[in-house]
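# Structure at a glance
Each chain, letter by letter, is given below.
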Amino acid sequence: MTAVRPAPIPSPRRVPPALYAGVVAVGLAVSAWDVRDRTTWLLETFWVLAGLPLVVLAWRRFPLTGLLCGLLAAHALVLAVGGHYTYARVPLGDWVRDGFGLSRNPYDRFGHLMQGFVPAVLVRELLVRTSPLRGSRWLAPLIVCACLAFSASFELLEWAAAEIGGHGADAFLATQGDVWDTQWDMFCALIGAVLSLLLLSRVHDRRLAALQARTTGG
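Residues numbered from 1 in each chain as written. Predicted model: local features only at pLDDT ≥ 70, side-chain atom pairs only at ≥ 80, totals over all residues. Heavy atoms only, no water.

This next bit is on the overall build of the protein. Within the protein, the secondary structure is distributed over eight helices and zero strands. Across the protein, helices and strands are ordered from the amino to the carboxyl terminus as α-α-α-α-α-α-α-α. Scored against the burial criterion, the 218 residues of the protein give a buried share of 37%. Summing over all exposed atoms, the protein offers an accessible surface of approximately 13,300 Å²; the carbon and sulfur share of this is 68%. (Helix = DSSP H or I, 4+ residues; strand = E, 2+ residues; numbered from the N terminus. Buried < 20%, exposed > 50% of the residue type's maximum accessible area, 1.4 Å probe, protein only. Areas by Shrake-Rupley, 256 points an atom, 1.4 Å probe, with all protein chains shown as cover.)

In this structure the tally under the stated criterion is eight salt bridges. Across the pair Arg104 and Asp108 runs a salt bridge whose closest N-O atoms are separated by 3.5 Å. There is no split in this pair, since Arg104 and Asp108 are both buried. For Asp181, the salt bridge identified is with Arg104, shortest N-O distance 3.4 Å. One end of the pair, Asp181, is in helix 8 (residues 181-216); the other, Arg104, is in the loop between helix 4 (91-100) and helix 5 (107-130), and 77 residues separate them in sequence. Pair check on accessibility: Asp181 and Arg104 agree, each one buried. (Salt bridge = Lys/Arg side-chain N within 4 Å of Asp/Glu carboxyl O.)

On average, residues of the protein carry a pLDDT of 88, and 87% of them reach 70 or more. Within the model, pLDDT remains below 50 along residues 6-10, and this stretch shows zero contacts once partners closer than five positions in the same chain are excluded. (pLDDT = per-residue confidence, 0-100. Contact = heavy atoms within 4.5 Å.)

Together, Val179, Trp180, Trp184, Phe187, Ile191, Val194, Leu195, Leu198 and Leu199 make up a nonpolar patch on the protein surface, roughly 940 Å² of accessible area in all. Locating Ile191 in the fold gives a position in helix 8. Overall, Ile191 belongs to the partly exposed group, its relative accessible area being 33%. (Patch = residues over 30% accessible without salt bridge, like charges linked within 9 Å, V, L, I, M, F, W, Y side chains within 5 Å.)

Moving on, we come to the packing of aromatic side chains. Here a ring pair, both rings aromatic, is described through the centre-centre distance and the interplanar angle of the planes. Scanning the model with the defined rule gives six aromatic pairs in all. Seen in terms of ring centroids, Trp47 and Phe150 are 5.5 Å apart; in terms of plane orientation they differ by 75 degrees. Their pairing is edge-to-face. Taken together, the residues span a long stretch of sequence, with Trp47 in helix 2 (residues 38-58) and Phe150 in helix 6 (residues 139-165) at a distance of 103 residues. In this structure Trp47 comes out as partly exposed when scored by relative accessible area, which is 34%. On the basis of relative accessibility, which here comes to 29%, the residue Phe150 falls in the partly exposed class. Where Tyr107 meets Phe110, the ring centres are 6.0 Å apart and the plane angle is 50 degrees; that geometry is what we call tilted. In this pair, Tyr107 and Phe110 are both assigned in helix 5, three residues apart and thus about one turn of the helix distant. On the basis of relative accessible area, Tyr107 is assigned to the buried category, the value being 9%. The structure contains a cluster of three or more aromatic residues connected by ring pairs, namely Phe46, Trp47, Phe150 and Phe154. The ring of Trp41 carries the charged tip of Arg38 above its face, separated from the ring centre by 5.8 Å. Across the ring face of Phe62, the terminal group of Arg129 is positioned such that the distance to the ring centre comes to 3.8 Å. (Phe/Tyr/Trp six-rings, centres within 6.5 Å; stacked < 30°, edge-to-face > 60°. Lys NZ or Arg CZ within 6 Å of the ring centre and 35° of its normal.)

Below, the structure written as structure tokens:
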């Protein structure tokens, strides 16, 4: 009697990278229309304005996994929304604040959670593909340290903006009167990085293997 082989599990449908880039470009254009504060918009979306062309120019030599592309696109839209309204005035955050009786608009906290969640996969992809750390027990701790370093650098940027712009930088800082805002921002980034590694590492490994098979013709 011939054994019946189980049907192979279909791989997830790949979203064309150009679609992610198009969504980000449209999101940026929409967010730039009738913004509350032009300087804040530029400061918040600088990473997108610089990163999107960099990814496009380097794509042939260093394509990214679909997982990372989707996360980067989602993070870009979070930044675009925050830049358009300013983080303390995002309507969705106001709804969450009023609905749950919070003392502040939580969109800034969500933004800093993403600041750890998405860069963790970015750093992981770079280290796995360009360093001998693949499979090392040091990989995860170094990724978390890198995300915290990026978060600290962003807080230093906010400090510089406050020194240069004075009260004009209040919309960019989005402290909303919290004297511990810097510490909370870095803690949210830490939580985001740890959650990202716990939830996405295995999925990311599969996507990396699939990318390697496509690029090497395996």
